[in-house]
Amino acid sequence: NAWANRYSASTSAWGTATLIETDDVGTATRPQVTVDPSGNAIAIWEQNDGTRFNIWANRYNASTSAWGTATLVETNDVGDATRPQVTMDPSGNAIAIWEQSDGTRFNIWASSLSASASAWGTATLIETDDAYFAFGAQIAMDASANAIPVWQQSDRTRRNIWANRYTPSANWGTATSIETSDAGSAFGPQVALDASGNATAAWYQSDGM
């Protein structure tokens, strides 16, 4: 099951562990969490419904010191949805990304949650290269809710690093290859954003030797 606990700097103590989902059909695994400067938090995880893995989330409200109700973030039941990541800006707006199978390959999907909303938005496919699997996604967000995810994507010969960009005004852009060295596969991308929306991505890559 998915659990959470909170540490209070003012009391120098952990609170009581809390069960943040009550769906006992299947296992809940691979949790991730993000927190804004006010102490509001979002936890996200993958959960099995007895047939496939789906992406679920719950939100912690710092003003009421309570978790909400676990929510299904995606409703596409074609194949497994796994390895979620989540990020949040200082205002409490959030974006979640994950890998999801279409029955043939894994693709990268995303959904957003506004600070004032009670529900996640419609899940969006943020890459349309169906050559082969896309996986290992990471995401970062700046103070204005602009976000950049990165991931590794196979072209059936090697793995390459790709990225997309989200802005609140224009939504998602077009997936872009951010490395052009085809000597060998690229793995394990990570990304970070500064307060102005400038991003840096890093990964490790074989030189073919």
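In what follows, the accompanying structure is described. (Residues numbered from 1 in each chain as written. Predicted model: local features only at pLDDT ≥ 70, side-chain atom pairs only at ≥ 80, totals over all residues. Heavy atoms only, no water.)

Structural notes on the side chain of Thr 34
Note on placement: Thr 34 falls in strand β5 (residues 28-35). The buried category is assigned to Thr 34, whose relative accessible area is 11%. Side-chain polar atoms of Thr 34 contact the backbone nitrogen of Met 88, separated by 3.4 Å. Discounting residues that sit within four places of it in the chain, Thr 34 has contacts with Asn 40, Ala 41, Ile 42, Val 86, Thr 87 and Met 88. (Helix = DSSP H or I, 4+ residues; strand = E, 2+ residues; numbered from the N terminus. Buried < 20%, exposed > 50% of the residue type's maximum accessible area, 1.4 Å probe, protein only. Polar contact = N/O pair within 3.5 Å; in protein donor to acceptor, adjacent residues only side chain to side chain. Contact = heavy atoms within 4.5 Å.)

Overview of the pairing of strand β10 (residues 81-88)
Across the eight residues of β10, seven count as buried, placing the element largely inside the fold. Here β10 folds back onto strand β11 (residues 94-101), and the loop between the two strands holds five residues, one of which, Gly 92, carries a positive phi near 95°. (Pairing = 2+ DSSP bridges.)

A few points about the pattern of salt bridges
Counted under the stated rule, the structure contains eight salt bridges. Across the pair Arg 52 and Asp 77 runs a salt bridge whose closest N-O atoms are separated by 3.9 Å. Note that Arg 52 is positioned in the loop between β6 (41-48) and β7 (53-61) and Asp 77 in the loop between β9 (71-72) and β10, a separation of 25 residues in sequence. On the accessibility criterion, Arg 52 (18% relative accessible area) is buried. Across the pair Arg 105 and Asp 102 runs a salt bridge whose closest N-O atoms are separated by 2.9 Å. (Salt bridge = Lys/Arg side-chain N within 4 Å of Asp/Glu carboxyl O.)

Describing the environment of Trp 98
Secondary-structure assignment places Trp 98 in strand β11. Separated by 44 residues in the primary sequence, Trp 98 and Asp 142 have C-alpha atoms spaced 19 Å apart. There is a polar contact of 2.7 Å between the side chain of Trp 98 and the side chain of Gln 100.

Thoughts on the layout of surface pockets
In this structure, the largest pocket encloses a volume near 230 Å³. Around the largest pocket, the lining comprises 15 residues; the ones closest to its centre are Ala 4, Asn 5, Val 33, Ala 43 and Trp 67. Across the lining of the largest pocket, the residue classes break down as 12 nonpolar, two polar and one charged. Approximately 160 Å³ is the volume found for the second largest pocket. Taken together, Arg 30, Gln 32, Arg 83, Pro 84, Gln 85, Glu 99, Phe 135, Gly 136, Ala 137 and Gln 138 make up the lining of the second largest pocket. (1 Å grid on protein atoms, 1.4 Å probe; cavity = no way out; pocket = protein on both sides within 12 Å on 5 of 7 lines; lining within 4 Å. Points joined across faces, edges and corners; volume = space filled by probe spheres on them. Nonpolar A, V, L, I, M, F, W, Y, C, P; charged D, E, K, R; others polar.)

Structural notes on the sheet that holds β10
Read across the sheet, four strands follow the order β10-β11-β12-β13 without closing on themselves; strand pairing throughout is antiparallel. Single-partner strands in this sheet number two, and they are β10 and β13 (124-125). When strand β12 (residues 106-113) meets β13, the two strands line up antiparallel, connected through two bridges. Residue pairing for β13: Ala 110 is matched across the bridge by Thr 124.

Focus on the environment of Arg 105
Within the secondary structure layout, Arg 105 lies in the loop between β11 and β12. A sequence separation of 34 residues divides Arg 105 from Ile 139, and the C-alpha atoms of the two residues are 21 Å apart. Among all residues touching Arg 105, those that are not within four sequence positions of it are Gln 100, Asp 130, Tyr 132 and Phe 133. Within the structure, Arg 105 has its side chain in polar contact with the backbone oxygen of Asp 130 (distance 3.0 Å).

Section: unusual backbone geometry
Backbone geometry at Ser 65 places phi at a positive 55°, although glycine is not the residue there. Inspection of the secondary structure puts Ser 65 in the loop between β7 and β8 (66-67). Overall, the relative accessible area of 54% leaves Ser 65 in the exposed class. Positioned with a positive phi, Ala 145 is a non-glycine residue whose angle comes to about 75°. Position of Ala 145 relative to the elements: it lies in the loop between β14 (134-141) and β15 (147-154).

By themselves, these observations are geometric and do not establish any function.
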